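# Overview (structure and organization)
Okay, here's what each chain looks like letter by letter:
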Amino acid sequence: MTYAARVKRDIERWRSIGWIDASVADNLAGDVDARAKRAFGFGSVLTILAAIMLAAAVLIFVAANWETIARPVRVVSLFALIFAGYVGGAVMKARGLRWPGEGAWLVAGAAFGASIALIGQMYHLSGEEVDAILTWGIGIAFAAVVLRSPASNVFAVGLAGLWLSLAMMDTELRDVHVPTVGFPIMAAVLWALSLYCRSRASRHCLLALLVYYGLLQCIHHRPWDDAAVMMAGVSALFFVLCAIFPRLAERFLAIRQAAVYGLIGFGVAMTLLQVSNSEAIVGPASLAFAGTVVALMLGGRNSAPVRWLAYVMFGAELCVVYLLTVGSMLGTAGFLAAAGLLLAATAFVIFLFERRMRSAQAGQGDRS
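Residues numbered from 1 in each chain as written. Predicted model: local features only at pLDDT ≥ 70, side-chain atom pairs only at ≥ 80, totals over all residues. Heavy atoms only, no water.

Its 21 residues place the ends of helix 11 (residues 224-244) 30 Å apart at the C-alpha level, agreeing with the 30 Å of an ideal helix rising 1.5 Å per residue. If you check which residues of helix 11 are buried, you get Trp 224, Ala 227, Ala 228, Met 231, Ala 232, Ser 235, Phe 239, Cys 242 and Ala 243. Projection of helix 11 onto a plane perpendicular to its axis shows the buried side chains occupying an angular sector of 135°, all on one side. Opposite the buried face of helix 11, by more than 90 degrees, sit the exposed residues Asp 226, Met 230, Val 234 and Leu 237. (Helix = DSSP H or I, 4+ residues; strand = E, 2+ residues; numbered from the N terminus. Expected span 1.5 Å × (residues − 1). Buried < 20%, exposed > 50% of the residue type's maximum accessible area, 1.4 Å probe, protein only. Arc of directions from axis to C-beta.)

Below, the structure written as structure tokens:
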């Protein structure tokens, strides 16, 4: 059952109970229907997937037929596709076809990237792939500003992630800290753009990219320990703030469930610490197990994603401990037994605390 159907069922129940009258119920149901029409439904998903496939087809076709297509035909075709995509998308948006218009803009953005590569090859322009991706991303971000397009905003975020990957693989750029300094600035600009374009998907993608950024920084700074400890600390602080102040975090970040990314970053950092210190795994493993328990206590009650992610991380941590200590099965068994007893004691204390809290709340309700 969809969210809209559940809300309408509750509205009907409230009307039957007498909490709201018929006119209020009709107004609420009408508002739910209006919002459901604007929601990102199954047809919208298929439209965006079709646009992504067409965009990929444009890029692959240009790459595969690089030399066989006449130069003027290449240039005219790509620029015609850019013009048709952006103008056609604007026309469709003006007629109320939001997601088909967004899909047309994605195809036009892919054609713009193909044009950059084509012009560079035709005129033998010197430069690196990193520069081409950066130019492409700036163009797509500019289009997102002009068109206020959430899909183009997500496209620009994806190109930022590609730029980060290529820049971290480039030894010269990495040695002068271009991606280390450049990506946070890029992420801040794209975050502001996501607020302007009202694109929650872009903000979720940016938080995931920040976790990826931390992972790359840890990998390229040997030994991993210092960078991984810093990543774990920042991620844990982010999670705690989002879990303790969920409404403030939602208002500030303009997305829900942001704490999930802090938990993911913490898990990635702890895994790196254990891999780099496989001979002294007890400390990092204990901290990882404790982190999942604290995550469940702070955010698990009010957030199903946090709860399930903590369960997954707990199971994954067991696998990591087993794989890294498989040569010492007795040590593994002892560690898991001690951790299990500690968790059982913690669960018992939490159970008693929650039962006492429920009893206190029930007593206050009786007195009132």
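A positive phi is found at His 177, a non-glycine position, where the angle reads about 60°. Along the polypeptide, His 177 turns up in the loop between helix 8 (171-175) and helix 9 (178-197). If you check the backbone angles, Arg 198 has positive phi at about 55° while not being a glycine. Take Arg 198: it is sitting in the loop between helix 9 and helix 10 (200-219).

Opposite charge on two side chains allows them to pair when their charged atoms are near. A full pass over the atoms with the stated rule returns five salt bridges. Of the charged contacts in the structure, one is a salt bridge between Arg 15 and Glu 12, with a shortest N-O distance of 2.7 Å. With a gap of three residues between them, Arg 15 and Glu 12 both fall in helix 1 (residues 3-17), about one helical turn apart. Among the residues examined, Glu 12 registers a relative accessible area of 42% and is labelled partly exposed. For Asp 26, the salt bridge identified is with Arg 15, shortest N-O distance 3.5 Å. With Asp 26 in helix 2 (residues 22-38) and Arg 15 in helix 1, this pair connects stretches of sequence that are 11 residues apart. On the basis of relative accessibility, which here comes to 47%, the residue Asp 26 falls in the partly exposed class. What makes Arg 15 partly exposed here is its relative accessible area of 30%. Here the salt bridges do not stand alone but share partners, grouping Glu 12, Arg 15 and Asp 26 into one network. (Salt bridge = Lys/Arg side-chain N within 4 Å of Asp/Glu carboxyl O.)

Moving on, we get to a negative patch on the surface. Taken together, Glu 128, Glu 129, Asp 131, Glu 172 and Asp 175 make up a surface patch of like negative charges. At the level of secondary structure, the elements contributing two or more residues to the negative patch comprise helix 6 (129-147) and helix 8. If you trace the backbone, Glu 128 turns up in the loop between helix 5 (98-122) and helix 6. (Patch = residues over 30% accessible without salt bridge, like charges linked within 9 Å, V, L, I, M, F, W, Y side chains within 5 Å. Areas by Shrake-Rupley, 256 points an atom, 1.4 Å probe, with all protein chains shown as cover. Lys, Arg positive; Asp, Glu negative; His and termini not counted. Charge placed at Lys NZ, Arg CZ, Asp CG, Glu CD.)

Okay, a nonpolar patch on the surface next. The grouping of Leu 237, Leu 241, Ile 244, Phe 245, Leu 248, Val 294 and Leu 298 at the surface amounts to a nonpolar patch, some 630 Å² of accessible area in total. Counting residues per element, the ones that place at least two in the nonpolar patch are helix 11 and helix 14 (282-300). In terms of residue count, the dominant contributor to the nonpolar patch is helix 11 (three residues). Within the secondary structure, Leu 298 is located in helix 14. On the accessibility criterion, Leu 298 (34% relative accessible area) is partly exposed.

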